[in-house]
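Analysis of the macromolecular model
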Amino acid sequence: MRWYQHNRVYRAVSGLLMGLLLFAGFASWYYYQQSQQLQQQIQQLTERQQPLFSQLQRLAQLQQQLAEHLAELLPAATVTVTPSLRASISDYYQQVEQLQRLLQRASPLRQLLFRQSQLLPLADAKQQLTQQLPTNDLALASLPQLLPANTAALTQLTAEFNGDLSRQLQRLQQQTQQTQKFSLWLLIAVMALAPVTAIALLASGLSYRQRQRLQSFAEQNPLPILRSNRFGQINYSNPAAKALVAQSGKLSSAQQLLADLPQQLRQMEQQGQQQCRWHTQIDRQHYQVQATLLPDAEQVQLHLFNDSDAHQALQQLAQHTHFDDLTGLPNRHQFMQECEYWSKQAGVSFSFGSLNLQHFERVASQIDFQSADEVMQQLASRLSLALFQLQLPHARLYRFEGANFGVLLVHQHQSADLLKIARQLALAAERPLVSSDQRHQFHLSLSQGYASYPQQAKTIEELISYAELAAQQAKQQECSTLLFEAQMRQRQRQYLLLEADLRQAEQLGQLMLHYQPQLRLAPQQILGVEALLRWHHPKHGMISPAEFIPVAEQSGLIIPIGDWVLRQACQQAHRWHQQGLMVSMSVNLSAKQFRQPDFVAKIYAILKQTEVCPELIELELTESLLMRDVNGANQLMNQLKELGLKLAIDDFGTGYSSLAYLKRFPVDTLKIDRAFIAHLPEDHQDRAIVQSVLDMAKHLNLQVIAEGVETQEQHQWLLENDCDALQGFWFSRPLPEDKCLPLLQQSAQLAVAPQPI
């Protein structure tokens, strides 16, 4: 690269243009002077030849006069030289001598003078002869010869004069034309070179002023600015650069600011670049260096920008991109990159575990966001520690979104090993978590699913999908861990088909309600029924609620289906009421229904549409649903009570509720979960639990219904311990409306009919 020679060439071209301009100016002046001299010569020639021309004209006149005198003289008998003739001849002789002096030409004039000198003697001789002789042939013969000779001489002289004058004028005209042509071409050249020279001079002036401004800019610029030669030797540093050297305390000169400058400049020259950027570190600060070549000065100007903040921001961005802000664990993006890396390694197998945290929403609803974040951090620390204690060579924990984690296990794909790892993680998650204020204690659990690459999944996407599918089915089956199996994909397809059919079940009239009576023990009579949803599939027949209700919950179909169930139950209760049957109708509510913003308004609208008496409708809420948000649940329950509805807590005893919370809820009925009834009366622990619930409900003035009663022994024990009512196969299975009606009529009792809302 010859960038450092550009300035030298520029100066040479500028000097050449200046020389040409000066030469053109001098040549124009010189030829202008030559033109002036030629004009003077023409004027002088004209002035010098004018007397000669006048003399020639005078001689011609005298020659004519003399010829006339001779013409008169010759025919006379006697030749007499008169004074006038003599004066004419004398004047002629003087004019010839004067012309000779002017022309300085001897030959024709000498002949003329010679002949003229003979004229007077011949005239005198002719006079003498005429006086003596009557005729003089010799004189008469000589006079006629003299005049033609003089006339010929005069004509020759005039011709030579005119020729000489013409040649001189022609030579002067040629010189004048040549001078004009050269001056014209020279003027054209000057006009062509003048703009170029002017531009060059203007550019030079602008460049000089620009350098002055740049110099001033560099001195006043707060950013460090340096200049070096093309070899990287710093020869200028502005005050900001000097201050940077002084502040560092470790550098003695500006040369030490950029130790890699010579190498960077060599790369620029090799690559033919005029500008480049690179990053460097000065005294623990990150700087961006911008180098720009200055060809006119054969220098490199260097600007230093402190981008420590930008560097830190990039590091933070990389941290946010690859790691979770809350727990500090690597995130899904980082997980995908590491999976891609391991998948490209020959002969390497690895497994992925999808970890879904259960009940965290319930925990978060009881505390503030900060405390919920602290709980999540505690859990992440526990899981990381548990994974570390397993001392696996390549195992890493990740946090995905929400309450979902992932674990990557390289060189681990054996089922026994995966189950062992999953067990350790489950134990770490199940230990109680305590909030930072020590006021709350929480119990969480994990649903885990594992899949292996490449034994099961052939791509990373399949690996994640299989593991999440296994975790999802582990949650559905209420177990801790499942390893992916090919049958899971079949079950997943069945699930999707079931969901598609369920979306059309209501419109196709496949959904129906069955009613299970609730028996009061003392006195024995039916006090109400529970509406239970049934699905009659055209191909598969009756599908169990345990099979399609989870599908409805996960797909969100539980909301429209729940509304349909409530509307159908209210209509049935109204019809029975019109038939004189005072039967309480219990309807189960899902958690998603209960959390709808317009839940109370929707209940009110259904009551108005069906014209049912609110006192006949009892809404069943699970204990776990209420415990997720105690305050919000209590507020909604009060609004439902204002509508005149009855409320029941379903599956009581499974949701870790306390007596303090139970006192706050405006409930009417407790339904003991079938898990505590199944082993009565043999299991003494179940007897103690049920007895305590009965005693507590009696003190709180709550009605108790035991669910899942299937034997006479269970019925007898409940009767002896003052349980209010029971529900189960011992008394009746869920029945369709046409079979339930006779049973209700047999057990009918007279009561004052409540009024509809």
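Residues numbered from 1 in each chain as written. Predicted model: local features only at pLDDT ≥ 70, side-chain atom pairs only at ≥ 80, totals over all residues. Heavy atoms only, no water.

1. Things to note about the sheet that holds strand 4 (residues 285-294)
Operational definition: Whether two strands pair depends on DSSP finding at least two bridges between them. Strands are runs of DSSP state E lasting at least two residues, helices are runs of H or I lasting at least four, and both sets are numbered from the N terminus onward. Lines are fitted to the C-alpha atoms to define the axes, a helix being fitted only along its stretch in contact, and any angle between axes, read from their N-to-C directions, falls within 0 to 180 degrees.
Overall, antiparallel pairing links the five strands, which are arranged 2-1-5-4-3 in an open sheet. In this open sheet, the two edge strands, each paired with only one partner strand, are strand 2 (234-237) and strand 3 (275-282). Strand after strand, the sheet turns through a mean of 25 degrees between neighbouring axes, direction not considered. Where strand 1 (residues 225-228) and strand 2 come together, three bridges link them in antiparallel fashion.

2. Topic: the nonpolar core
Note the following rule: Take the buried Ala, Val, Leu, Ile, Met, Phe, Trp, Tyr and Cys residues and link them wherever side-chain atoms come within 4.5 Å; each set so joined is a nonpolar core. Exposure categories follow from relative accessible area, calculated using a 1.4 Å probe and restricted to protein chains: below 20% of the type maximum is buried, above 50% is exposed, and the middle band is partly exposed. Contacts were defined at the residue level, with two residues in contact if any of their heavy atoms lie within 4.5 Å.
In this structure, Trp576, Met585 and Leu718 are the most contacted members of the largest nonpolar core, which totals 83 residues. Examining the composition of this core, we find that 10 residues originate from one element, helix 15 (residues 558-578), more than from any other. If sequence neighbours within four positions are ignored, Trp576 has contacts with Tyr515, Val529, Leu581, Val583, Met585, Glu737, Cys740, Leu741 and Leu744. Counting residues in hydrophobic clusters, the runner-up holds 31 residues, among them Ala380, Ala386, Leu425 and Ala429.

3. Side note on the sheet that holds strand 6 (residues 350-358)
Pairing between the strands of a sheet comes from backbone hydrogen bonds, and it takes one of two forms, parallel or antiparallel. Strand order in the open sheet formed by five strands is 7-8-6-11-12, and the pairing between neighbours is mixed. Pairing within the sheet leaves two strands with one partner each, and these edge strands are strand 7 (395-399) and strand 12 (481-483). The average undirected angle you get between the axes of adjacent strands in this sheet is 15 degrees. One ladder, built from five bridges, connects strand 7 with strand 8 (residues 404-410); its direction is antiparallel. What sits directly across from Arg399, in strand 8, is Phe405.

4. Here's the deal with the pattern of salt bridges
Heads up, the rule is: The salt bridge criterion pairs a side-chain nitrogen of Lys or Arg with a carboxyl oxygen of Asp or Glu, the two atoms within 4 Å.
Across all of its chains, the model carries 11 salt bridges by this definition. A salt bridge links Glu401 to Arg332; the shortest N-O distance between them is 3.3 Å. Linking Glu401 in the loop between strand 7 and strand 8 with Arg332 in helix 8 (residues 332-343), this pair joins segments that are 69 residues apart in sequence. Take Arg332: its relative accessible area is 24%, and that puts it in the partly exposed class. Note that Lys641 is salt-bridged to Asp668, the shortest N-O span being 2.9 Å. In this pair, Lys641 sits in helix 19 (residues 630-642) while Asp668 sits in the loop between helix 20 (659-664) and strand 19 (669-672), placing the two residues 27 residues apart along the sequence. Overall, the relative accessible area of 28% leaves Lys641 in the partly exposed class.

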